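# Secondary and tertiary structure notes
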Amino acid sequence: MTASHAGPLSRRDWLLSERPASRMQARLGRAYVAWRRFSANRLAFVGLLIILALLVVAAFADVLAPYSPTIGDLKNARLLAPSAAHWFGTDDLGRDIYSRIIYGSRWTLYVVILVAIIAAPIGLLVGTVAGYAGGWTDAVLMRITDIFLAFPKLILALAFVAALGPGIENAVLAIAITSWPPYARIARAETLTVRNSDYIKAVQLMGASPFRIVLRHIMPLCVSSLIVRVTLDMAGIILTAAGLGFLGLGAQPPLPEWGTMIASGRRFVLDQWWVAGAPGFAILIVSLGFNLLGDGLRDALDPRSGDQ
Amino acid sequence: MTSALFIDRLEVIFDRFRALKGVSLEVQSGESFGLVGESGSGKSTLLRAIAGLAPVASGSITVNGKTLGPRRDKAFYREVQMVFQDPYGSLHPRQTVDRLLQEPLAIHGFADGEKRIVRALDEVGLGTGFRFRYAHQLSGGQRQRVAIARALILEPSILLLDEPTSALDASVQAEVLNLLEEVRRRRKLTFLMVSHDLAIITHMCERLMVMQNGEAVEKLTADDLVRRHVTKDYTRNLLRASEGFVRTA
């Protein structure tokens, strides 16, 4: 009994040690404190579980889906109501909606991750450089940002897709191009609050180049608020992608993308509600998951809360 | 004796405000020189101008015989380092002590970083137990020791001290001052120290300059100050003020 308790307890003490003995221990201890703060928030934990479930479903779609997502049974299985054989029913081409939603999770993740990977670093770089350099660099970069902010997001994305041609890759690109300006603003605001602090002055006094200061000393301070914002934006990204899919400018049939699926179910939404309802519900759940996760991360990572 | 620091008619102008109005100063190598004056007298601005953190409008700064241009090069930062006033604001909140001390070594390309960090921590009396702590896990005095270690790790010959103890309580103040004294003696450093506390200046410095409104009022030796051999009214007022609150009957 006591032996089984000694293990985890001492590991906890090791993580929370006031005198870490190595770089690794200091980093892990810090991560552990953030994790404790995060997991104390029940709703955020639910959000994390939803996102983890999405990852698992996307990874094991081949195993989890009982039918093919693209090939239906036109003869016998058109527009069937939900049943034991087809959990979420079938669509107008006789395809199993449950399988399509499971495969569709891959496309949702694809869009969300690609947009985050493209938009967040652009915003971070533009914002920190503008904030640290000041002067005309700041003016030029922020006016460009303002121009992008002046357009409604979906309209600008529509214009880009119209120019580049419909398809999920172009939809991703269009969403990324329209979603970086808020990140640049956040990063710039954070940069302005720290650029005149003594610890940045101290690094300048060591002879560090501006490039090094921005990259190694200012960016790490901006990252946590950016992560929070990106996570909260993920729901919006999913909805924009679904919206583009719905308008026929995102993923093209027969790709099982959730927005496209809603668009094709629109015609019989009153009689066969499950065709549009099931993917709509999937979007709702995943968006909710990202929002809850973002809220929890804000509490766990916010540099202004507590001594972190 | 050569002069470590020679400042000739230095002017600093922020926007349209003249923070320094033609201040001249000479500090000998190995000397400890004090700057005193009320808030806003320009003493901290003088330090920042030397470090390259304040806009110099005219005048010249000469360090160890080399006159500085508007841009400081890496060699300058190995000669001159600075300890800031507020130990709570001068350490990066997301970096461990280890990372803080590694940064100057990485910038200047030192190979024996590991050894230097251990030695620097030992020198300021912290030991390796503090090496992987974050700033928020340290007390004010410990933070200031880390800041001193960071300034010393590049082995500068001149240390600029901007009220290094004013944010600390009295007993910790004495510890940090003793540490600075000891380091100066061992490394034969030149100090240029700002303080509004005349007791600290007379204890730490051989000579001092009194400043007011961005101008030099007078230059004294610490002995002069102790014996009240002052010539200007302003200095006399400052001395009276430093005696503190006197209750009259």
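Nothing here was measured: the structure is a model prediction, and the numbers come from that model.

Rules used in this analysis
Residues numbered from 1 in each chain as written. Chains lettered and ligands numbered in written order. Predicted model: local features only at pLDDT ≥ 70, side-chain atom pairs only at ≥ 80, totals over all residues. Helix = DSSP H or I, 4+ residues; strand = E, 2+ residues; numbered from the N terminus. Buried ≥ 20, exposed ≤ 12 C-beta atoms within 10 Å, placed from the backbone. Contact = placed C-beta atoms within 7 Å. Pairing = 2+ DSSP bridges. Core = buried A, V, L, I, M, F, W, Y, C linked by C-beta atoms within 7 Å. pLDDT = per-residue confidence, 0-100. UniProt positions renumbered as here; feature names shortened; annotations may be inferred. Axes fitted to C-alpha atoms, helices over the stretch in contact; angles between N-to-C directions. Parallel < 35°, antiparallel > 145°, perpendicular 65-115°, else oblique. Left-handed = near helix turned anticlockwise from the far one by under 90°. Nonpolar A, V, L, I, M, F, W, Y, C, P; charged D, E, K, R; others polar. Expected span 1.5 Å × (residues − 1).

## Let's talk about the overall build of chain B
For chain B, the helix and strand inventory stands at 9 helices and 10 strands. Overall size of chain B, expressed as C-alpha extent along the three principal axes, is 55 × 50 × 40 Å. Residue burial in chain B is summarised as follows: out of 249 residues, 45% are buried. At a minimum sequence separation of 6, the contacts of chain B that also span at least 24 residues come to 68%.

## As for the overall build of chain A
Looking only at helices and strands, chain A has 12 helices and 0 strands in total. Scanning chain A from its N terminus toward the C terminus, one meets helices and strands in the order α-α-α-α-α-α-α-α-α-α-α-α. Across its three principal axes, chain A shows a C-alpha extent of roughly 75 × 65 × 25 Å. Looking at chain A as a whole, 41% of its 308 residues are labelled buried. If you take every contact in chain A between residues at least 6 apart in sequence, the share linking residues at least 24 apart comes to 68%.

## Focus: the interface of chain B and chain A
Contacts between the two partners involve 25 residues from chain B, matched on the other side by 22 residues from chain A. Sorting the residues of the side of chain B that touches chain A by element identifies helix H2 (74-79), strand E6 (80-83) and helix H3 (97-107) of chain B as the ones contributing at least two each. The element best represented in the side of chain B that touches chain A is H3 of chain B, accounting for 4 residues.

## Some words on the pairing of E6 of chain B
Residue and element names in this part refer to chain B. What you see with E6 is no split at all: Val-80 and Met-82 on one side and Gln-81 and Val-83 on the other are buried throughout. As defined by bridge partners, E6 adjoins strand E7 (residues 158-162) across 4 bridges and the pair is classed as parallel. Bridged to Val-80 within E7 is Ile-158.

## What about the nonpolar core?
Grouped together as the largest cluster of nonpolar side chains are 79 residues, with contacts concentrated most on Ala-149, Leu-160, Leu-192 and Leu-208 of chain B. It is helix H5 (residues 140-152) of chain B that provides the largest number of residues to this core, a total of 6 residues. Excluding its chain neighbours within four sequence positions, the residues that come into contact with Leu-208 of chain B are Phe-33, Gly-34, Leu-35, Val-36, Ile-201, Leu-220, Ala-222 and Leu-225 of chain B. In this structure, Val-115, Trp-180, Tyr-183 and Ile-237 of chain A belong to the second largest nonpolar core, which totals 65 residues.

## Things to note about the confidence of the model for chain B
Parts of the model with low pLDDT should not have their predicted coordinates read in detail. Residue and element names in this part refer to chain B. Residues at a pLDDT of 70 or more form 97% of chain B, whose mean pLDDT is 88. The secondary-structure element of chain B with the lowest mean pLDDT is helix H9 (residues 233-242), recorded at 83, while E7 shows the highest, at 94. Reported confidences for the modelled complex are a pTM of 0.83 and an ipTM of 0.87.

## Regarding the environment of Val-12 of chain B
Residue and element names in this part refer to chain B. Relative to the elements of secondary structure, Val-12 occurs in strand E1 (residues 3-14). On a C-alpha basis, the gap between Val-12 and Ala-49 in space is 7.4 Å, while along the polypeptide they are 37 residues apart. With sequence-adjacent residues up to four places away left out, Val-12 is seen in contact with Ala-19, Leu-20, Thr-45, Ala-49, Ala-54, Pro-55, Val-56 and Ala-57.

## Details of the UniProt feature "domain: ABC transmembrane type-1" (unreviewed entry) in chain A
Here, UniProt's "domain: ABC transmembrane type-1" (unreviewed entry) annotation points to residues 109-294 of chain A. Between the first and last C-alpha atoms of residues 109-294 of chain A the distance is 16 Å; the span itself is 83% helix and 0% strand.

## Remarks on the sheet that holds E1 of chain B
Residue and element names in this part refer to chain B. Strands sit in the order E2-E1-E4-E5 across an open sheet of 4 strands; the sheet is antiparallel. Two strands close off the open sheet at either side, each with one partner strand: strand E2 (17-28) and strand E5 (66-67). Its contacts with the sheet put helix H1 (residues 43-51) on E1, E2 and strand E4 (56-63), and the angle it makes with E2 is roughly 75 degrees.

## Some details on the packing of H5 of chain B against helix H6 (residues 170-187) of chain B
All names here are of chain B. Running from N to C, H5 and H6 cross one another at 15 degrees; their axes reach a closest spacing of 10 Å. Of the possible angle classes, the one that applies to H5 and H6 is roughly parallel. Crossing geometry of H5 relative to H6 is assigned as right-handed. Mapping the contact onto sequence places Gly-140, Gly-141, Gln-144, Arg-145, Ile-148 and Leu-152 in H5 and Val-172, Glu-175, Val-176, Leu-179 and Val-183 in H6. Of the residues that constitute the contact of H5 with H6, the class distribution is 6 nonpolar, 3 polar and 2 charged.

## A short note on H6 of chain B
Here H6 of chain B contains 18 residues, and its C-alpha end-to-end distance of 26 Å stays within 8% of the 26 Å for a straight helix at 1.5 Å per residue. Count one or two residues on from H6 of chain B and you reach Lys-188 of chain B, which has phi positive near 55 degrees.

## A few points about unusual backbone geometry
All names here are of chain B. In this structure, Arg-9 takes a positive phi of about 40 degrees despite not being glycine. Considering the arrangement of structural elements, one finds Arg-9 in strand E1. A positive phi angle, close to 55 degrees, is found at Glu-155, a residue other than glycine. Mapping Glu-155 onto the fold places it in the loop between H5 and E7.

## Some details on the packing of helix H7 (residues 153-164) of chain A against helix H10 (residues 210-246) of chain A
Helix packing geometry: the angle between the two helix axes and the distance between the axes. Residues and elements named next belong to chain A. Axis separation between H7 and H10 bottoms out at 11 Å; the angle between their running directions is 50 degrees. As far as their axial angle goes, H10 and H7 are oblique. Note that H7 runs across H10; the crossing there is right-handed. Residues Lys-153, Leu-154, Ala-157 and Val-161 of H7 pack against Thr-240, Gly-243 and Leu-244 of H10.

## Observations regarding the sheet that holds strand E10 (residues 215-221) of chain B
The pairing of strands in a sheet comes from backbone hydrogen bonds and takes either a parallel or an antiparallel form. All names here are of chain B. Pairing is mixed in the open sheet, where 6 strands are placed in the order E6-E7-E8-E3-E9-E10. Two strands in the sheet have a free side with no partner beyond their single neighbour: E6 and E10. On average, adjacent strands in this sheet sit at an angle of 20 degrees to one another, irrespective of strand direction. Taken together, the 4 bridges between strand E3 (residues 32-37) and strand E8 (residues 190-194) define a ladder with parallel strand orientation. Counterpart to Leu-35 in the pairing with E8 is Val-194. Along the sheet, H1 makes contact with E3, E6, E7, E8 and strand E9 (207-212), crossing E7 at roughly 145 degrees. Its contacts with the sheet put H5 on E6 and E7, and the angle it makes with E6 is roughly 175 degrees.

## Digging into helix H5 (residues 97-133) of chain A
Between its first and last C-alpha, H5 of chain A extends 53 Å over 37 residues, near the 54 Å set by a 1.5 Å rise per residue. Backbone geometry just after H5 of chain A places Gly-134 of chain A at a positive phi near 65 degrees.

## Observations concerning the UniProt feature "transmembrane region" (unreviewed entry) in chain A
Residues and elements named next belong to chain A. The residues that UniProt annotates with the feature "transmembrane region" (unreviewed entry) are residues 43-65, 107-134, 154-178, 226-252 and 272-294. The distance separating the terminal C-alpha atoms of residues 43-65 is 29 Å; by composition the span is 91% helix and 0% strand. The distance from the first to the last C-alpha atom of residues 107-134 is 40 Å, and the span holds 96% helix and 0% strand.

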